[in-house]
Structure formats: structure tokens, C-alpha cells
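Descriptive analysis of the structure
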Amino acid sequence: MRGGEDKAVNKDGRSKIRALVVDDSMVNRTIHHKLLENLGIENQVVGNGKEAVDAHSSGNYFDLILMDMDMPVMNGIEATRRLRAMGVRSLIAGVTTRSLEQEKQEFMEAGLDDYQEKPLTAAKLVSIIHKINQSSSTPR
Amino acid sequence: MDRNHLLRQVAYMKNSLFDQGYLDREQFTQLEELQDDANPNFVEEIVTLYYNDSARLIQNMEQTLVNRPIDFVRLEEILHQFKGSSSSIGAKKVNDACTQLREYCSAENTEGCSRTLQLVKQEHAVLRTRLETYFQMVREAG
């Protein structure tokens with residue numbers, strides 16, 4: 001999966017979108033970083049929900065946040081709630097191995113726009129990116 | 001040994017890993033597709049990262065089973081993280097063993113947890129050996 005037709009434009013019409021990978025697993029952070037990079041998406045990685053919140057507190061904006069659920073310090077549910085409470089309107093996609101409906105429901109209700117089960121694949125990422133394009137014309 | 005022969009051996013070894021259930025074909029293939037000129041050894045690097053990280057997690061799981069009382073919640077948390085990384089590299093048999101361990105953990109079955117943790121360690125070690133041999137062959141094939 002290499003760039004081209006799968007690259008998205010962000011809400012401001014920029015050709016590169018920016019993403020934030022939030023995952024406590026270094027293996028997953030590295031894979032997700034490379035998946036995004038290969039799709040032409042600039043991205044940063046952080047290791048827990050608090051770092052994700054702090055990344056926004058310093059004024060950064062991301063079109064897409066890939067949020068793991070189970071993390072130390074601050075988990076993905078709490079981080080998603082905090083980011084929404086801060087007014088962050090980025091597309092937040094939960095990425096987790098949790099498969100129980102109740103767990104997915106709680107994560108979605110925290111403010112997710114999408115939910116994907118791990119392991120994340122290029123195809124799943126593309127489906128998330130398409131939502132960025134769709135949401136760019138839909139007010140939140 | 002000529003390069004074509006080595007490449008055939010590499011392909012044979014990889015297919016064996018898939019056919020014998022050690023690796024998930026789709027997931028491992030996706031990792032390979034992430035390799036490019038800038039990161040020609042990406043898969044080997046990820047696997048190395050996985051083994052460095054997972055060794056620590058196994059040690060932590062073993063420690064939870066030594067402590068009294070056993071903290072099954074903590075064990076499940078560590079196992080969840082370990083399983084997540086294992087599935088990301090397509091470690092199929094390791095993952096299957098983790099699923100068994102998770103069931104014993106949920107049931108708070110100490111003996112079952114100890115036994116299946118040993119199975120997890122075994123599958124983890126076998127895969128490591130197979131992958132080390134595979135990557136050595138990949139390097140030789142250039």
C-alpha cells in the first residue's frame with residue numbers, strides 16, 4: 001500500500017494530513033508509525049493517554065488520532081474524554097484488541113469516531129482515512 | 001550456493017512458518033510490505049523489538065505467579081499487552097497459547113496459569129529460533 005490515490009487531504013485542503021499514534025507498546029507504535037508514513041501521513045507517537053493530551057496542550061493539531069485503549073498512566077477512554085472536553089475535533093479512531101461489545105461501547109461513548117480491532121492493517125487505516133475526507137464537510 | 005537457490009530456500013522457510021502455524025500469513029506479509037529502501041530490514045527490526053519487549057513481559061507474568069496472593073488482574077493486564085504485540089507480528093502459536101492462558105487467568109486457576117505460561121514461553125522460544133534462522137537466510141540471500 002503506497003500513497004497515491006489513498007493519500008487524503010485534510011480539512012484545510014493541505015495535501016498531507018497529520019496523525020498521532022497513542023499506544024504503550026513500542027512494537028505497535030513502530031508498526032503504526034510505518035503504516036502511516038507509507039501512506040504519506042506525517043505522524044508522531046506517544047506512549048499513553050496523558051502524553052496524547054499533553055501533545056495537544058502545547059498547541060499541536062492532528063487530523064487523526066489512533067488511540068489504544070489499555071495504557072498506563074491514562075488509558076484511551078479517559079484520554080478520549082479529556083481531548084473532547086478540551087474541544088479537540090480530530091478524528092479519533094480507537095485501536096484495540098478488546099472485542100467485548102460493552103468495552104467497545106464504553107470506548108465509543110468516550111468520543112471516538114471509529115473503532116478498529118488490532119492488529120491494524122493498511123486496509124483498516126485507509127477506511128479510517130476515508131472518514132477524514134467525509135467528515136471534512138460535516139460539522140461536528 | 002547461488003542467490004536463486006538461497007531465495008528459494010528463504011521462500012520455503014517462510015511458507016513453512018505459515019503452513020506449520022507459527023506465523024499468520026496475512027499479518028507477517030503486511031509487515032514485509034512495509035519494508036522499503038529506507039527501511040530494508042524493517043521486519044527483522046520489529047521482530048527484534050518484539051523479543052526484547054516480550055522477554056520483559058514474560059518475566060513480569062512469571063513474577064505475578066510467584067507472588068502471594070496472585071494478582072490475576074495484573075497478570076491479565078500484562079498478558080493483554082503481550083498478546084497485543086504478539087498478534088502485531090503475526091505470532092500465531094504464541095497468540096493461541098496466550099488465549100489459553102487468559103482463560104485460566106479469568107478463572108483464577110493458578111495451576112492452569114502456570115502450565116499455560118510455560119506453553120507460551122515454549123512457543124515464544126521456538127518461534128524465536130525459527131525466525132533467527134529465517135533472517136540469517138534472508139541476509140545471506142541479500
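Look up: the structure comes first, before these words.
Not measured: the values here are computed from a predicted model. (Residues numbered from 1 in each chain as written. Chains lettered and ligands numbered in written order. Predicted model: local features only at pLDDT ≥ 70, side-chain atom pairs only at ≥ 80, totals over all residues. Heavy atoms only, no water.)

1. Some details on the packing of aromatic side chains
Residues and elements named next belong to chain B. Evaluated as defined, the whole model comprises 6 aromatic pairs over all chains. Taking the centre distance of 6.2 Å and the plane angle of 65° together, the rings of Phe28 and Tyr134 count as edge-to-face. Taken together, the residues span a long stretch of sequence, with Phe28 in helix α2 (residues 25–33) and Tyr134 in helix α6 (residues 110–141) at a distance of 106 residues. With respect to burial, Phe28 and Tyr134 carry one shared label: buried. Aromatic ring contacts, followed pair by pair, group Phe18, Phe28, Tyr134 and Phe135 into a single cluster. Just above the ring of Tyr22 sits the side chain of Lys93; from NZ or CZ to the centre is 4.3 Å. (Phe/Tyr/Trp six-rings, centres within 6.5 Å; stacked < 30°, edge-to-face > 60°. Helix = DSSP H or I, 4+ residues; strand = E, 2+ residues; numbered from the N terminus. Buried < 20%, exposed > 50% of the residue type's maximum accessible area, 1.4 Å probe, protein only. Lys NZ or Arg CZ within 6 Å of the ring centre and 35° of its normal.)

2. Description of the pattern of salt bridges
For the structure shown, the criterion picks out 19 salt bridges over all chains. Ionic pairing is found between A:Asp114 and A:Lys131, a salt bridge with its closest N-O pair at 3.6 Å. Of this pair, A:Asp114 sits in strand β5 (residues 114–117) while A:Lys131 sits in helix α5 (residues 122–135), and the two are 17 residues apart along the sequence. For A:Asp114, a relative accessible area of 9% gives the class buried. Note on A:Lys131: relative accessible area 31%, which makes it partly exposed. In this structure, B:Arg74 and B:Glu77 form a salt bridge, with 3.2 Å as the shortest nitrogen-oxygen distance. One end of the pair, B:Arg74, and the other, B:Glu77, are both in helix α4 (residues 72–88), 3 residues apart, so they sit about a helical turn from each other. (Salt bridge = Lys/Arg side-chain N within 4 Å of Asp/Glu carboxyl O.)

3. Side note on the packing of α2(B) against helix α3 (residues 42–66) of chain B
Residue and element names in this part refer to chain B. Viewed as axis vectors pointing N to C, α2 and α3 meet at an angle of 120°, and their least axial separation amounts to 8 Å. Considered as vectors, α2 and α3 are oriented oblique to each other. Only Phe42, Val43 and Ile46 of α3 make contact with α2, whose side of the interface consists of Phe28, Leu31 and Glu32. Within the contact of α2 with α3, the residues separate by chemical class into 5 nonpolar, no polar and 1 charged. (Axes fitted to C-alpha atoms, helices over the stretch in contact; angles between N-to-C directions. Parallel < 35°, antiparallel > 145°, perpendicular 65-115°, else oblique. Contact = heavy atoms within 4.5 Å. Nonpolar A, V, L, I, M, F, W, Y, C, P; charged D, E, K, R; others polar.)

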